[in-house]
Amino acid sequence: VNICALAMVDLCGLLLACICCLLAGGGWSVSLAAATAANGGRAKGEAPSSPHAESFSRSSMDASASDSYGYSAAGEDKIQVHVVPHTHDDVGWLKTVDEYYYGLNNSIQMANVEAIINSFVRELSKDSNRTFIYVEMAYFYKWWGKQSNETRQLVKKLVSNKQLEFVNAGWCMNDEASTHYNAIVDQMSLGLRFVQENFGDEARPRVAWHIDPFGHSAEQAALFAKMGYDGFFFARIDYGDRDNRLGNKEMELVWRGSPSLGSQSDMFTGILFYGYGPPPDFCFDQGCSDPPIQDDPNLFDYNVDDRVKLFIQRVGDQAIFYNTNNIMMTFGSDFQYQNALQVYKNLDKLIKYVNAEGTVNMFYSTPSRYVDAVHQAGKTWTLKTDDFFPYADNPYAFWTGYFTSRPALKGYTRLCNNYLQVCKQLEASHGGFTGVSTMKLKEAMGVDQHHDAVSGTEKQHVADDYAKRLHIGQVECESLVGMALSDLSA
């Protein structure tokens, strides 16, 4: 039997159906966000009155959800600053995925994901007002497997309290240009299943978070919409497109990812103003050089008044380009929060003194709370139906070489994707096998969909590591296929 021939059968539709069944059957709500006309009078599926204006609504939103999390109902005219602490942990790039997790090879890059997770969990437990979001389940899965029952219960409490929020929650933050869509579905399934099995329905991610991929595909938006996400946020768009959107106040929109699916593929989409880092002059991570909040008047260099004034200026710089009185500010970047105490100590002070000044209302938040607050505003949004490709960050700097770079790894990834589809079907039809499974290849493929993996933007030794992981998974998959075919021929 030609395994590759079997693999060419189009299983993509089945895979997408399976992930929807996983989300629905496991208690996960797969309510697709429906676009309605500005007056609320258009039924789902009916043509909008204008092809350029959509009002976005979602039946699952609680109209009062934001009030209990720092949103100032009494001061609704104030700008509401949603502070979103986060880290962006590449699943391989300059270092391999294991080097990043354990903090090896720090001569290349100072990064230790295990320390990051330990640190933010510890700091969240000290103050119930603090929040944090986490994305890459490939890392959280590694960390979770080594924790005591006491630590696991603490983390579950943080999730239940809505302090720790999983966003996106795929195995990685996948590339959107060089990936195949059933590989995207597979890696999302792997991460979402981990969240569901360990944290239950209340941890269901509501927001897609692709802050670093180099351009964005309408197909990706359609997939996220079909998976039941309520919002989609990213940072990288073409510099010309960004300038136009700033000028027209179109940094938030409704993105219709599929012409055939129509409004079923609509996704509320936001473009982050300061990239995915903190506002200028307010990076408090140990790798940053911005001044901390020095609030002891008995010491030299007291700077509260100056820092508050500058921060309110940064808020105003952003707020004028958005259509509601809510803005989201991310505090974090690549592999930050290895010393979460330092960051939270300064954020606590900044929130305290900014709110005391009274011009704006600042509070810890998450992307899903932000989506709820924006939804309450009842605004009408422009409609987009095409890609955010190609991406250029300045004139003559188009990020398009990765469409074809490292062709050997791209080809091997496609081959392993074919093998994985065959293995999954044979494993399911036989009820599993002793000693072999598809898990190694699933994990290797999940890592390989990362936006610095199959894209080809990683260092050479990291590309070698991706290929090695795929090979190990492929070999076990071949053993599984052999056992299955032996059973069939017996």
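My aim in this report is to walk through the structure given alongside it, one point at a time. What you see is a predicted model, and the numbers here were worked out from it, not measured in a lab.

A few points about empty space enclosed by the protein
Then comes step 1: Summed over all chains, the structure comprises six cavities of 30 Å³ or more.
Then comes step 2: Considered as a void within the structure, the second largest cavity measures approximately 50 Å³ in volume.
Then comes step 3: Its residues placed into classes, the lining of the second largest cavity shows seven nonpolar, two polar and one charged.

Details of the packing of aromatic side chains
Then comes step 1: Tallied over the entire structure, the rule returns 40 aromatic pairs.
Then comes step 2: With a centroid separation of 4.8 Å and an interplanar angle of 85 degrees, the aromatic rings of Tyr 101 and Tyr 102 are classed as edge-to-face.
Then comes step 3: Among the residues examined, Tyr 101 registers a relative accessible area of 1% and is labelled buried.
Then comes step 4: When the ring of Phe 232 is compared with that of Phe 234, the centres are 5.2 Å apart and the planes differ by 75 degrees; the resulting orientation is edge-to-face. Each member of the pair Phe 232 and Phe 234 is classed as buried.
Then comes step 5: A cation over an aromatic ring shows up here: Arg 307 above the ring of Phe 282, its NZ or CZ 4.3 Å from the ring centre.
Then comes step 6: Positioned above the aromatic ring of Phe 388, the side-chain terminus of Lys 384 is 4.3 Å from the ring centre.

Digging into the sheet that holds strand β9 (residues 266-271)
The strands making up a sheet are joined through hydrogen bonds of the backbone, oriented either antiparallel or parallel.
Then comes step 1: Here five strands make up an open sheet; going across it, the order is β6-β7-β9-β8-β13 and the pairing mixed. Whereas interior strands pair on both sides, the edge strands pair on one side only; in this sheet they are β6 (207-210) and β13 (383-384).
Then comes step 2: Both strand β8 (residues 252-256) and β9 contribute to a ladder of five bridges, which runs antiparallel. Counterpart to Glu 252 in the pairing with β9 is Gly 270.
Then comes step 3: Here helix α12 (residues 367-376) sits on the sheet and contacts β6, β7 (231-234), β8 and β9; the angle it forms with β6, its principal contact strand, is near 120 degrees.

Cut-offs and rules
- Residues numbered from 1 in each chain as written.
- Predicted model: local features only at pLDDT ≥ 70, side-chain atom pairs only at ≥ 80, totals over all residues.
- Heavy atoms only, no water.
- 1 Å grid on protein atoms, 1.4 Å probe; cavity = no way out; pocket = protein on both sides within 12 Å on 5 of 7 lines; lining within 4 Å.
- Points joined across faces, edges and corners; volume = space filled by probe spheres on them.
- Nonpolar A, V, L, I, M, F, W, Y, C, P; charged D, E, K, R; others polar.
- Phe/Tyr/Trp six-rings, centres within 6.5 Å; stacked < 30°, edge-to-face > 60°.
- Buried < 20%, exposed > 50% of the residue type's maximum accessible area, 1.4 Å probe, protein only.
- Lys NZ or Arg CZ within 6 Å of the ring centre and 35° of its normal.
- Pairing = 2+ DSSP bridges.
- Helix = DSSP H or I, 4+ residues; strand = E, 2+ residues; numbered from the N terminus.
- Contact = heavy atoms within 4.5 Å.
- Axes fitted to C-alpha atoms, helices over the stretch in contact; angles between N-to-C directions.

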